[in-house]
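# Residue-level structural notes
These are the residues of each chain, in order.
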Amino acid sequence: MNATTAHSRIDGAEVFSIWAQPDRSVIDAGRRAPPALPSESFGDLWPVLSDLADAAGAPVDYVAVGVLVAAASLIGGKRRVRPWSDSDWEEPAILWAALVGDPSANKSPALDRATKPMRAIERDDAENHKEALLVWEADVERAKAEKSAWSEAVKDAVKEGLSTPPLPNMAVIPDEPVRRRPIVQDATVEALAVILSGNPAGTLMVRDELAGWLNFDKYSNGNRAFWLEAFGGRPFVVDRLKNGAKPVCLPFTGVSVVGGIQPDRLSDDLLGGADDGLVARFIWCWPDKVPFGRPRGVVDASRLECLYRVLDGIAWGIDENGDRAPISLALTDQAAELFHKWGKQQENDADDAGPLYKGTVGKAPGIALRLALVIEYLRWADHGAAEPVNVSHVALASALDLVDGYIKPMALRVYGDAALPAVERNAATMARYIVKHRPTRINARDIRREWRLPGLKTAEAVKEAIDQLTEAEWLRAAPGRQGESTGRQRADFLVNPKVLEDARG
């Protein structure tokens, strides 16, 4: 007999279930469903992204967003976008993205597919760096010899009462060349400053786990200041270098960032930091996991590598002094009119919204322009022909589709989960564990010691979550003792069989 049947007959008596219907909303904890990534925004590149995601066993969202960020880093400081031809508002090709998902969501394999071609570019640059080092070592020896000769000339001048001869330029030891680093995985601000000094167009930081990075403000306010400037590509001076090294002056502090973060870390890392707009600078990506399955076939990633190499080869502009400078592309007239109308609509989009979402809406116009620039250049690199001189209506429309149809609703999904009280998040975590592992009876101490769930490490947190699930008709207290002992009762709880039936269905 099924214990959860509404009623049955035993010896002619009607028996009713003691369990009420469980509140299934507790497992979602107010979480919105993920929006679908608009495939049209990626044009002919979509099948490649889909195949790469399939090979990684991951949602296509992770790969597609990773490619956008990687492409932005390769364009870097060489190109900018402005909404109107007579405007001084410019945006650089810098994007930040956070891939949200459980450890089993295959975030890292997907990100590897998006960034692997950059490793080949880095290997080529490493070979070029070896040659540059040989030239530098020869220049150092020449400088030493020139300085030694100059020192002798100074001694002679002193003996003869003559003025000190000037130090020749050839006697100055040149700085060691910095290896090109199109991609870095973990680096301090000081180390990044040195890397950027040899990578004037910027670089890409890839991190498997963004949680600690998002909380760097609690270790150093200077670090947070650096990153806020880095998103804008603004000039920055880093003078906290070791061994008394001279400060590094960066004309373009361009670092695109992409990495993963687990859902259960969102609250601490989103809400625990300073309210300075850092979170709003991110493109959040939190799709549903894809079912496990065998990939459709071998994926040819050469097209993505060719595309990246074209972007990497974009030339700098030259200013009136003969120095390298970014080239700024304005929107076409048609695109500018679309951007103006869309921007006016944004003014009312954040009414009655929380501060995190208001920040996202506030940053949306700038991010839309950056995405339009990246999409324009992705399509150009994929199809060839002459380099763009403007950002087209098609590229901007694709970017706006991404912002309105994906980035903003995805931000609401992320922020809604993060803004929940801790007890509701912990109850949802416990509920998901119950649905996945299907226990019929649970113990409070076992939850703390054996389940190893984030947020449920203390007796108080476990008790509060159990109380929440008890109120939601998921659990019912069933205290008991082991064997014939007369000691303290075990904090056992029965799981509503209807929860397990619903999960099976």
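In this report, the structure presented in the accompanying data block is examined. (Residues numbered from 1 in each chain as written. Predicted model: local features only at pLDDT ≥ 70, side-chain atom pairs only at ≥ 80, totals over all residues. Heavy atoms only, no water.)

## Remarks on helix α4 (residues 107-160)
- In this model α4 runs 74 Å from its N-terminal to its C-terminal C-alpha over 54 residues, within 8% of the 80 Å that 1.5 Å per residue would give.
- At A114, α4 is deflected by roughly 45°, the largest bend along its length, and proline P117 occurs up to four residues later in sequence.
- G161 lies just past α4 and shows a positive phi near 70°. (Helix = DSSP H or I, 4+ residues; strand = E, 2+ residues; numbered from the N terminus. Expected span 1.5 Å × (residues − 1). Bend = angle between axes of the 7 residues up to and from the residue.)

## Concerning the sheet that holds strand β17 (residues 475-477)
- If you walk across this open sheet you meet the three strands as β16-β18-β17, and the pairing is antiparallel. Of all the strands in the sheet, the pair left with one neighbour each is β16 (441-443) and β17. Averaged over all pairs of adjacent strands, the angle between their axes in this sheet comes to 35°, without regard to strand direction.
- Pairing of β16 with strand β18 (residues 492-495), which is carried by three bridges, proceeds in the antiparallel orientation. The residue of β18 that forms the bridge with N443 is D492. (Pairing = 2+ DSSP bridges. Axes fitted to C-alpha atoms, helices over the stretch in contact; angles between N-to-C directions.)

## Description of the nonpolar core
- Ranked by internal contacts, the top residues of the largest apolar core, which has 112 residues, are F226, W227, W284, L311 and L371.
- The leading source of residues in this core is helix α11 (residues 355-383), at 16 residues.
- Leave out the neighbours within four places in its chain, and L311 touches A71, L74, I75, K78, Y377, L378 and A381.
- Of all hydrophobic cores here, the second largest spans 24 residues; its members include M430, I434, A465 and A472. (Core = buried A, V, L, I, M, F, W, Y, C linked by side-chain atoms within 4.5 Å. Buried < 20%, exposed > 50% of the residue type's maximum accessible area, 1.4 Å probe, protein only. Contact = heavy atoms within 4.5 Å.)

## Overview of the pattern of salt bridges
- One pass over the full model with this rule turns up 20 salt bridges.
- The residue E141 makes a salt bridge to K144 at a minimum N-O spacing of 3.7 Å. With a gap of three residues between them, E141 and K144 both fall in helix α4, about one helical turn apart.
- Across the pair D492 and R441 runs a salt bridge, and its minimum N-O distance is 3.3 Å. With D492 in strand β18 and R441 in strand β16, this residue pair connects regions lying 51 residues apart in the sequence.
- With a relative accessible area of 6%, D492 lands in the buried category.
- By relative accessible area, which is 41% here, R441 ends up partly exposed.
- Shared partners join several salt bridges into a network, and the residues in it are D51, D54 and R296. (Salt bridge = Lys/Arg side-chain N within 4 Å of Asp/Glu carboxyl O.)

## Observations concerning the side chain of E376
- Positionally, E376 belongs in helix α11.
- Buried charge E376 goes without a salt bridge, the closest partner of opposite sign being R379 at 7.0 Å.
- A polar side-chain atom of E376 sits 2.7 Å from the main-chain amide nitrogen of S392.
- Setting aside residues no more than four positions away along its own chain, E376 makes contact with P388, N390, V391, S392 and A395. (Lys, Arg positive; Asp, Glu negative; His and termini not counted. Polar contact = N/O pair within 3.5 Å; in protein donor to acceptor, adjacent residues only side chain to side chain.)

## Overview of the pairing of strand β14 (residues 327-331)
- Where strand β3 (residues 79-82) meets β14, four bridges bridge the pair, whose relative direction is parallel. Along β14, the bridge assignment pairs R82 with A330.
- Two elements, β14 and strand β15 (residues 390-391), share two bridges in a ladder whose sense is parallel. From the neighbouring strand, L331 faces β15, where its bridge partner is V391.

## Remarks on the pairing of β3
- Both faces of β3 are covered, namely the face carrying R79 and V81 and the face carrying R80 and R82.
- Strand direction decides the pairing type here: β3 and strand β4 (residues 91-92), joined by two bridges, are antiparallel. Considered in β4, the bridge of V81 is made with E91.

## Observations concerning the side chain of Q346
- Looking at the element boundaries, Q346 is found in helix α10 (residues 333-346).
- Owing to a relative accessible area of 8%, Q346 belongs among the buried residues under this scheme.
- Reaching out from Q346, the side chain makes a polar contact with the side chain of K408 at a distance of 2.9 Å.
- Excluding residues that lie within four positions of it along the chain, Q346 makes contacts with V361, A364, D404 and K408.

## Details of the packing of α10 against α11
- Between α10 and α11, the shortest axis-to-axis distance is 10 Å and the interhelical angle comes to 165°. Looking at the two axes, α10 sits roughly antiparallel to α11. Handedness of the crossing formed by α10 with α11: right-handed. Facing α10, whose interface residues are F339, W342 and Q346, α11 presents V361, A364, P365, A368 and L369. (Parallel < 35°, antiparallel > 145°, perpendicular 65-115°, else oblique. Left-handed = near helix turned anticlockwise from the far one by under 90°.)

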